[in-house]
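# Residue-level structural notes
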Amino acid sequence: MNPMVEFCISNLANGSQEAFEILEQDSNLDVLEYGCLSYCSLCSETLFAIVNGEVVEANTPSELVANIYQFIEDNPLF
């Protein structure tokens, strides 16, 4: 089972698209986009993704990618 990384389409438009595209290339991740993840206040303030059910935030797309990989390393599925 691969780690699941979920993005809100509004947050992609707000700047996390680059992170999405980078992570989408990793065959060890399941990267999905949704119309809304119901984190509207967070979505308007920062870049974020939901990783295995937990929010991971960052200020830049590259920082978001690094934070997601760090979160996965620190919180293995098994």
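Relevant structure appears above.
None of the values given here were measured: they were computed from a predicted structure. (Residues numbered from 1 in each chain as written. Predicted model: local features only at pLDDT ≥ 70, side-chain atom pairs only at ≥ 80, totals over all residues. Heavy atoms only, no water.)

### Quick look at the nonpolar core
Using the following cut-off: We define the nonpolar core as a collection of buried residues of types Ala, Val, Leu, Ile, Met, Phe, Trp, Tyr and Cys that are connected through side-chain atoms lying within 4.5 Å of one another. Relative accessibility thresholds used throughout: buried, under 20% of the residue-type maximum; exposed, over 50%; partly exposed, between the two (1.4 Å probe, protein chains only). Secondary structure elements follow DSSP: runs of H or I no shorter than four residues count as helices, runs of E no shorter than two count as strands, and numbering proceeds from the N terminus. Any two residues whose heavy atoms approach within 4.5 Å are treated as being in contact.
Counting 18 residues, the largest nonpolar core has Val5, Phe7, Leu23, Val31, Val51, Leu64 and Ile68 as the members making the most contacts within it. When contributions to this core are tallied by element, the ones reaching two or more residues are β1 (4–8), α1 (9–24), β3 (47–51), β4 (54–58) and α3 (61–74). Sort the elements by how many residues they give to this core and α3 lands first, with five residues. Ignoring any residue separated from it by four or fewer positions in sequence, one finds Val31 in contact with Val5, Phe7, Phe20, Leu23 and Glu24.

### A short note on the environment of Ser62
Among the structural elements, Ser62 can be located in helix α3. Counting along the chain gives 57 residues from Ser62 to Val5, while the straight-line C-alpha distance between them is 15 Å.

### Digging into a nonpolar patch on the surface
Defined as follows: Residues enter patches when their relative accessible area tops 30% and they take part in no salt bridge; the joining distance is 9 Å for like charges and 5 Å for the nonpolar side chains Val, Leu, Ile, Met, Phe, Trp and Tyr. For the area figures, the Shrake-Rupley method with a 1.4 Å probe applies, and any residue is considered shielded solely by the protein chains shown. Criterion for a salt bridge: a side-chain nitrogen of Lys or Arg within 4 Å of a carboxyl oxygen of Asp or Glu.
The grouping of Met1, Leu77 and Phe78 at the surface amounts to a nonpolar patch, some 440 Å² of accessible area in total. Examined against the element boundaries, Leu77 turns out to sit in the segment after α3.

### With respect to α1
As a reminder of what qualifies: By this rule, a helix spans an expected 1.5 Å times one less than how many residues it contains.
Compared with the 22 Å implied by 1.5 Å per residue over 16 residues, the 14 Å span of α1 between its first and last C-alpha is markedly short. When we look at burial in α1, the residues that qualify are Asn11, Leu12, Ser16, Ala19, Phe20 and Leu23. Next to the buried residues of α1 lie β1, β2 (30–34), α2 (40–45), β3 and α3.

### Here's the deal with the sheet that holds β3
The following threshold applies: The pairing criterion for strands is at least two bridges between them, as found by DSSP. To obtain each axis, a line is fitted to C-alpha atoms, and for helices this fit is confined to the stretch in contact; angles are then taken between N-to-C directions over 0 to 180 degrees.
Strand order in the open sheet made by the four strands is β2-β1-β3-β4, with mixed pairing throughout. The open sheet has two edge strands with one neighbour each: β2 and β4. Put simply, the sheet's adjacent strands are angled 30 degrees from each other on average, direction ignored. The pairing of β3 with β4 spans five bridges and is antiparallel. Counted as the bridge partner of Ile50 is Val55 from β4. Lying over the sheet, α1 contacts β1, β2 and β3, oriented at roughly 150 degrees with respect to β1. Contacting β1, β3 and β4, α3 runs over the sheet at an angle of about 145 degrees to β4.

It is worth stressing that arrangement in space is one thing and function is another; only the former is reported here.
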